[in-house]
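What follows is each chain in one-letter form.
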Amino acid sequence: MDEGFFERAYNVVRQIPRGRVATYGQIATMMGEPRKARYVGFAMHASPGVAGGVPCHRVVFADGSLAPGFAFGGPGAQRAMLEDEGVAFTPSGRVDMRRCRWEAL
């Protein structure tokens, strides 16, 4: 995947507000690449992270589950970062998508 795709993905993810999440598919669709959700995942895994201005912890699966291989400390770290921002979780451990999904589309 080219660096241009990754940068475009990072630019969309930078727009997700604190306390909200977006899905990999949502980011891909916003980029005009609706079939490339998996590539968005590759971009998030390779991102410079929050220190680099990319809040990749705000990108989750469509069902609200977290990435098992979260690049910056595992799903526990991702959950802690989201909880610190006020993101709500269901009893099953998934993000409450009804309350916390970014309504950018």
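Residues numbered from 1 in each chain as written. Predicted model: local features only at pLDDT ≥ 70, side-chain atom pairs only at ≥ 80, totals over all residues. Heavy atoms only, no water.

(A) Seen up close, the nonpolar core. Core analysis: the largest hydrophobic core is formed by 20 residues, its most contacted members being Val13, Ile16, Ile27, Met31, Val40 and Met44. Among the elements of the structure, helix H1 (3-13), helix H2 (24-30) and helix H3 (37-46) are those that each provide at least two residues to this core. A total of 6 residues in this core trace back to one element, the largest contributor, which is H1. Those residues in contact with Val13 that lie beyond four places of it in its chain are Ile27, Met44, Val54, Pro55, Cys56 and Val59. Counting residues in hydrophobic clusters, the runner-up holds 10 residues, among them Ala88, Phe89, Val95 and Cys100. (Core = buried A, V, L, I, M, F, W, Y, C linked by side-chain atoms within 4.5 Å. Buried < 20%, exposed > 50% of the residue type's maximum accessible area, 1.4 Å probe, protein only. Helix = DSSP H or I, 4+ residues; strand = E, 2+ residues; numbered from the N terminus. Contact = heavy atoms within 4.5 Å.)

(B) Layout of the packing of aromatic side chains. Going through the model one piece at a time under the given rule, you end up with 4 aromatic pairs. Considering the side-chain rings of Tyr24 and Phe61, the 5.2 Å spacing of their centres and the 50° angle between planes classify their relative orientation as tilted. Residue Tyr24 is found in helix H2, and its partner Phe61 is found in the loop between strand S2 (59-60) and helix H4 (74-84); the two are separated by 37 residues along the sequence. A residue is classified by how much of its surface remains accessible, and Tyr24, at 12% relative accessible area, is buried. Each member of the aromatic cluster is reached from another via a ring pair, and the members are Phe5, Tyr39 and Phe42. Between Arg79 and the ring centre of Phe89, over which it is positioned, the NZ or CZ distance is 4.1 Å. (Phe/Tyr/Trp six-rings, centres within 6.5 Å; stacked < 30°, edge-to-face > 60°. Lys NZ or Arg CZ within 6 Å of the ring centre and 35° of its normal.)

(C) Examining the pattern of salt bridges more closely. Under the definition given, this model contains 7 salt bridges. Here Glu85 and Arg18 are joined by a salt bridge, their closest N and O atoms 3.9 Å apart. Of this pair, Glu85 sits in the loop between H4 and helix H5 (97-100) while Arg18 sits in the loop between H1 and strand S1 (22-23), and the two are 67 residues apart along the sequence. A salt bridge links Glu85 to Arg58; the shortest N-O distance between them is 2.8 Å. Of this pair, Glu85 sits in the loop between H4 and H5 while Arg58 sits in the loop between H3 and S2; the two residues are 27 residues apart in sequence, bridging distant segments of the chain. For Glu85, a relative accessible area of 13% corresponds to the buried category. One connected set of salt bridges, linked through shared partners, spans Arg8, Glu33 and Lys36. (Salt bridge = Lys/Arg side-chain N within 4 Å of Asp/Glu carboxyl O.)

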